[in-house]
Each structure stands twice: as structure tokens, then as C-alpha cells.
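Each chain, written out:
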Amino acid sequence: MKRVSDLAILDILTAPDPLLKKKASPVEKVTDEIRTLMDDMVETMYVAPGIGLAAPQVGVLKNIIVVDVSGNDEDPHPYKMVNPEITWASEELATYEEGCLSVPESFSEVERPARVKIRYMDENEQEHEIEADGLLATCVQHEIDHLNGTLFIDHISRIKRSIIMRKLTKMKKMA
Ligand code: NI
């Protein structure tokens, strides 16, 4: 059984923050420290609440993401992915209204491949390749973007992006 008291809720960086624009590095070895980080990221994502979180969002420039797109009435199904990579993407596209814990209170439609194959390593250094569609496909692509310093607002029009950035800068000043 998971002892909730051992988990830390991490601070989530919000745009504009220079760390969110940086490229993260591959993880060579999954150490206990990395496993603890992933557990804390899952807990932080649940508390936020959100459906995905990438390590750069908590200030760690490593290729690690966590995702859980299960519904409220379903059992939790967290994915902890180390060095995730898109190995195939469908030509068919899908549009979802996206949000981001690093871009609070803003949402915008983003078009991405509808289905992808993702290769990643789990917390025990086991390699996996899964095919994802629907919300999982979108969410994993959004999180992998974070590892390359890309936010969902980088996929939308410049006008919409500048409206959102102005709002974020104002929110930071008031905080
Ligand atoms: Ni995000």
C-alpha cells in the first residue's frame, strides 16, 4: 500500500519561466531518486488536478513524464515514462481543447496526430512500446513537447498566444 505521507507535492512552474523553454536530457539510469521523483510527480498531478506532468514543469530538466487519463469513476492508471519517444504518428489528426498546469486557466484547441506509438522505459528500466489514441495520445504528445521546451500555446496562433501570455504575466504580477 502506498503511504501518502511519504510523497511530496512539488511546485509547478508557470509560464513565462525560462526553464519551461529548455530542452531536457535523457535519463541514463533509473535510480531511487528518479523513482521518488516520479511518485511525487504523480501525486502532484493528482492534487493539481491534471492528467499529465513533465519533469521540466517541476524544475527538473530530465526526460520524464507522468500521465493518467482515467476518468473520475475509473481506477487510477498512472503511466510513468522515462525517455519517452514517439516512434510512429498517424496521418489522421485529432483536435482537443488543451490546458496545462504551467499555463493556468487558459485553454485552446490544438490539432495533433490522432494515434501514436510511444516507446519508453518504466520505473524498473523495462522497455515498452504502446499504441495510444484519443486523450492518451494527445496527452502524451503534449507532455513530450514539454521535454523539448514546447508548450501547447506554441501550437496556436500568435494572436491567441499573446493574449494568453499577457494574462499569465498579469497573474504573476498580482501573485
Ligand atoms: Ni502541460
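Basis of the calculations
Residues numbered from 1 in each chain as written. Predicted model: local features only at pLDDT ≥ 70, side-chain atom pairs only at ≥ 80, totals over all residues. Heavy atoms only, no water. Pairing = 2+ DSSP bridges. Helix = DSSP H or I, 4+ residues; strand = E, 2+ residues; numbered from the N terminus. Phe/Tyr/Trp six-rings, centres within 6.5 Å; stacked < 30°, edge-to-face > 60°. Lys NZ or Arg CZ within 6 Å of the ring centre and 35° of its normal. Donors = N, O, S within 2.8 Å, 3.2 Å for Na, K, Ca; no water. Buried < 20%, exposed > 50% of the residue type's maximum accessible area, 1.4 Å probe, protein only. Salt bridge = Lys/Arg side-chain N within 4 Å of Asp/Glu carboxyl O. Polar contact = N/O pair within 3.5 Å; in protein donor to acceptor, adjacent residues only side chain to side chain. Contact = heavy atoms within 4.5 Å. Core = buried A, V, L, I, M, F, W, Y, C linked by side-chain atoms within 4.5 Å. Axes fitted to C-alpha atoms, helices over the stretch in contact; angles between N-to-C directions.

S.K.: Got a minute to help me understand the pairing of strand S6 (residues 115-121) in this structure?
M.R.: The side chains of a regular strand alternate, residue by residue, between the two faces of the sheet. Two strands pair when backbone bridges link them, and strand S3 (residues 79-89) and S6 are joined in this way by five bridges, in the antiparallel orientation. Paired with Val82 across the bridge in S6 is Met121. The pairing of S6 with strand S7 (residues 127-133) spans seven bridges and is antiparallel. Looking at S7, one finds that Arg115 is bridged to Asp133.

S.K.: I'm lost on the packing of aromatic side chains in this one. Help?
M.R.: To describe a pair of aromatic rings, one takes the distance between the centres and the angle between the planes. Per the stated rule, a full pass over the model turns up zero aromatic pairs. The ring of Trp88 has Lys117 lying over it, and the distance from NZ or CZ to the ring centre is 5.8 Å.

S.K.: Is there a simple way to think about the coordination of the nickel ion in this case?
M.R.: In an ideal tetrahedron of four donors about a metal, each angle is 109.5 degrees. In an ideal octahedron of six donors, the angles are 90 or 180 degrees. The protein atoms donating to the nickel ion are Cys100 (SG), His142 (NE2) and His146 (NE2), with metal-donor distances spanning 2.1 to 2.2 Å. Sequence positions of the residues that donate to the nickel ion give the spacing C-x41-H-x3-H. Here Cys100 is found in strand S4 (residues 93-100), whereas its partner His146 is found in helix H2 (residues 134-147), with 46 residues between them in sequence. By relative accessible area, which is 1% here, His146 ends up buried.

S.K.: Even after reading the chapter, I still don't get the pattern of salt bridges, so can you show me in this structure?
M.R.: Applying the stated rule across the entire model yields ten salt bridges. Between Glu125 and Lys29 there is a salt bridge, with the nearest N and O atoms lying 4.0 Å from each other. Residue Glu125 is found in the loop between S6 and S7, and its partner Lys29 is found in the segment before helix H1 (32-47); the two are separated by 96 residues along the sequence. Residue classification places Glu125 among the partly exposed positions, given a relative accessible area of 34%.

S.K.: Where do I start with the side chain of Gln57 in this structure?
M.R.: Turning to its location among the elements, Gln57 is positioned in the loop between strand S1 (52-54) and strand S2 (64-67). Judged by its relative accessible area of 1%, Gln57 is buried. A polar atom in the side chain of Gln57 sits 2.9 Å from the side chain of Ser102. With sequence-adjacent residues up to four places away left out, Gln57 is seen in contact with Asp11, Ile12, Leu13, Leu20, Gly52, Cys100, Leu101, Ser102, Glu143 and His146.

S.K.: How should I be thinking about the nonpolar core in this particular structure?
M.R.: Generally speaking, a soluble globular protein has its nonpolar side chains buried in company with each other. Formed by 17 residues in total, the largest nonpolar core has its most connected members in Ile65, Met81, Ile118 and Val140. Elements supplying a minimum of two residues to this core: S2, S3, S6, S7 and H2. Per-element accounting of this core gives the leading share, six residues, to H2. For Val140, the contacting residues outside a window of four places in its chain are Ile65, Val67, Met81 and Ile118. In terms of nonpolar packing, the next biggest core, distinct from the first, is built from 15 residues, Leu37, Met45, Ala55 and Val58 among them.

S.K.: I would appreciate a short explanation of the sheet that holds S2 in the present structure.
M.R.: The strands making up a sheet associate through backbone hydrogen bonding, with each pair oriented either parallel or antiparallel. The strand order across the open sheet formed by five strands is S1-S2-S3-S6-S7, and the pairing between neighbours is antiparallel. Because the sheet does not close on itself, it has two edges, and the strands there are S1 and S7. Each neighbouring strand pair of the sheet contributes to a mean axis angle of 40 degrees, computed without reference to strand direction. Relative to the sheet, H1 contacts S1, S2 and S3, its axis offset from that of S2 by approximately 40 degrees.

Limitation: the analysis is restricted to geometry and does not speak to function.
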